[in-house]
Amino acid sequence: MSTAPGRTLCRPLLLGALLAVLGGCAHQPSSSLAAADLLLTGGSVYDGSLAPPRIADVVISGERIVYVGEAARSHYRAERVIDVGGAIVAPGFIDPHTHPESFIRSDDAQARLNAPWLHQGVTTLFVGSDGSGTPEVEALRQWFQQQGVGTNLAALVGFGAVREQVLGDAAAAPSPAQLQQMQSLVAKAMCEGAFGLSAGLFYAPQSFASTDEVVAVAREAAIRGGLYDTHQRDESSYGLGLLGSTREVLEIGRRAAIPVHFSHIKALGMDVHGQAGEVIALIEQAQARGQRVSADQYPWLASGTRIGAALLPRWAVDGGRPALLAHLDDAASRQRIRDEMSLNLQRRGGAGAILMIGRGFEWTGKTLAEMAVAWNVDDVEAALRIIAGGGLRTGAEATARGGERIASFNMRQDDVNLFMQQPWVITGSDGSNGHPRQYASFPKKYADYVVRDRVITLGEFIHRSTGLSADLMGLRDRGYLREGLQADVVVFDPQRYAPRADYLDPAQLSVGVDYLLVNGQLAIDAGQMTGVAAGRMLRHQPPAGTCP
Ligand SMILES: [Zn+2]
């Protein structure tokens, strides 16, 4: 429902209804103005759809938006009026893929406000990504209700969490009874309000699951109106390959009759660079056949990991660090490790594409290639020296201090741009500790891809961070600035909205969000956090008759 300019305001407007009726409509005397809490006046309003922006007022009463339109002051008497002329007013951003546990699960109430996301303008986060989400959704909701949290949270139940609860770390396939156990855990989580099933088939032990097993479990989410959200088995060329893996996701969606959503869609590594177009074609074919398929994407060319995890062959670290050091002392093993590392380095774009980001080391801020030159060794040797601890007494010390941390520039700009332009790709952060995407994904996308490079328009950026995100992820009463919906609202300055975090300094709050409302309460007021924990865990409503 939207309100055309100049349209009469006689119809009931929630809290304003009684006053409006008593006061008449055509010529409201001032005493008949409807009471409201907050009026944002004069901003450039993007309502979350692709409708063009307009200068309009937004009125909030309690938790709800009660009016969007012109001249609100002649209809409402608000406790507070904020002039937001020159600013952009939009629905609070929705982040479909996050790892915020160190904040939201903290003992510290201040940390639980979830500042990294608030300062990007994000009001709702999906949690439990990559297959990690607990099936104990109701217990989680109660915990947040008691402890307080700054942003809204929407839970996904994790295929990994469920599988581990039933099968442990085993590479084995589940017995029929075990499969049934997994299914009933997912069913329970869905009935407690999870929005869908997340999976991370790239990760062990989830990687041990067959397609059939995933289909059987995903069906439980499908029945209850959820989606299947996946970090797919291969985003690169490790095994199945990017295209094969994409086909598997589509197959799971088809066979389980469930909407599928690709987490952080990308073409990772030299072998698959340039394949974005082929991935998109596969997805569009599925959509043309009637399948619901979507994706999210973070606007960074680098993923974050450790140099050992990125380059060492898995057999070399089977047995942990002592085993690795023993292998490196043996000439034949060392050569084998070097050969495989060399291939992995190639896959990731070479030593120039590996930026060392752990703080306080002689290699901090340098690429692996630069360190090889500085040490006068080859690239693989330089990597081994860092893994072994470089100038530090022990490698373990370097690891503990984050010396192995890297930003791995393994995505190509044209692939990133092409994915971003698809009308079914929404903004996500994949925000995790140590990578600037946790603090800056939304403003980064705005600054680099909307303003600087014009890959997408501002309207597309907002729609794909709000209304479309709500539609795809199953949020019923958020994502749009419309009367009757929940008042999650961001007000940002288009000149100042920008990231501050970068790869070397990833924990810097973004700037430019002047006001942020979560469930009608100001979480940011004039650029400052208010300390109000207005978030809550949202509840997905399964169709009638699908839950006990
Ligand atoms: Zn992931």
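Here we summarise the structure given alongside this text.

Thresholds, definitions, all that
- Residues numbered from 1 in each chain as written.
- Predicted model: local features only at pLDDT ≥ 70, side-chain atom pairs only at ≥ 80, totals over all residues.
- Heavy atoms only, no water.
- Helix = DSSP H or I, 4+ residues; strand = E, 2+ residues; numbered from the N terminus.
- Rg over C-alpha atoms; globule rule 2.2 N^0.38 Å.
- Buried < 20%, exposed > 50% of the residue type's maximum accessible area, 1.4 Å probe, protein only.
- Areas by Shrake-Rupley, 256 points an atom, 1.4 Å probe, with all protein chains shown as cover.
- Pairing = 2+ DSSP bridges.
- Axes fitted to C-alpha atoms, helices over the stretch in contact; angles between N-to-C directions.
- Contact = heavy atoms within 4.5 Å.
- Salt bridge = Lys/Arg side-chain N within 4 Å of Asp/Glu carboxyl O.
- Right-handed = clockwise from strand over helix to strand, strands pointing away.
- Expected span 1.5 Å × (residues − 1).
- Arc of directions from axis to C-beta.
- Patch = residues over 30% accessible without salt bridge, like charges linked within 9 Å, V, L, I, M, F, W, Y side chains within 5 Å.

**Some points on the overall build of the protein chain**
Next up, step 1: Counting its regular elements, the protein chain contains 20 helices and 21 strands.
Next up, step 2: Taking 548 residues into account, the globule formula puts the C-alpha radius of gyration at 24 Å, and the protein chain, at 25 Å, falls close to it.
Next up, step 3: The principal-axis extents of the C-alpha atoms in the protein chain amount to approximately 90 × 55 × 45 Å.
Next up, step 4: Burial status across the protein chain gives 59% buried among its 548 residues.
Next up, step 5: Looking at the protein chain as shown, the accessible area adds up to about 21,100 Å², and 52% of this sits on carbon and sulfur atoms.

**Looking at the sheet that holds strand 6 (residues 93-95)**
Next up, step 1: Strand order across the open sheet formed by three strands is 6-7-8, with parallel pairing between neighbours. Each edge of the open sheet carries a strand with a single partner, namely strand 6 and strand 8 (152-155). Mean inter-strand twist for the sheet, computed between neighbouring axes without regard to direction, equals 20 degrees.
Next up, step 2: Alignment of strand 7 (residues 122-127) against strand 8, held across four bridges, turns out to be parallel. Along strand 8, the bridge assignment pairs T124 with N152.

**Some details on helix 6 (residues 159-167)**
Next up, step 1: Counting buried positions along helix 6 yields seven of nine residues, so the element is predominantly enclosed.
Next up, step 2: The set of residues buried in helix 6 consists of F159, G160, A161, V162, R163, V166 and L167.
Next up, step 3: The elements touched by buried residues of helix 6 are strand 9 (157-158), helix 7 (176-191), strand 10 (196-200) and helix 8 (211-223).
Next up, step 4: Backbone geometry just after helix 6 places G168 at a positive phi near 65 degrees.

**With respect to the pattern of salt bridges**
Two side chains with opposite charge may pair up if their charged atoms get near one another.
Next up, step 1: Under the counting rule described, the total for this entry stands at 27 salt bridges.
Next up, step 2: Residue E136 pairs with K188 through a salt bridge whose shortest N-O separation is 3.0 Å. Of the two residues, E136 is situated in the loop between strand 7 and helix 5 (137-147) and K188 in helix 7; the sequence distance between them amounts to 52 residues.
Next up, step 3: Relative accessible area serves as the criterion here: at 34%, E136 is assigned to the partly exposed category.
Next up, step 4: Taken together, the salt bridges that share partners define one network made up of R334, R338, D378 and E381.

**As for the pairing of strand 8**
Next up, step 1: Because side chains alternate across strand 8, one face comprises the buried residues N152 and A154, and the other comprises L153 and A155, equally buried.
Next up, step 2: The parallel pair strand 7 and strand 8 is bridged by helix 5, and the resulting crossover is right-handed.

**Quick notes on helix 10 (residues 276-288)**
Next up, step 1: The first and last C-alpha atoms of helix 10 sit 18 Å apart over 13 residues, in line with the 18 Å expected at 1.5 Å per residue.
Next up, step 2: All of the buried residues in helix 10 are A276, V279, I280, L282, I283 and A286. Taken end-on, helix 10 shows its buried residues confined to a sector of 160 degrees, consistent with a single buried face.
Next up, step 3: Packing partners of the buried residues in helix 10 comprise helix 9 (242-256), strand 12 (260-262), strand 13 (293-297) and helix 17 (413-420).
Next up, step 4: Just past helix 10, the residue G290 takes up positive phi, approximately 100 degrees.

**Side note on a nonpolar patch on the surface**
Next up, step 1: Together, F202, Y203 and Y238 line one region of the surface with nonpolar side chains, adding up to about 280 Å² of accessible area.
Next up, step 2: Tracing the backbone shows F202 in the loop between strand 10 and helix 8.
Next up, step 3: Note on F202: relative accessible area 36%, which makes it partly exposed.

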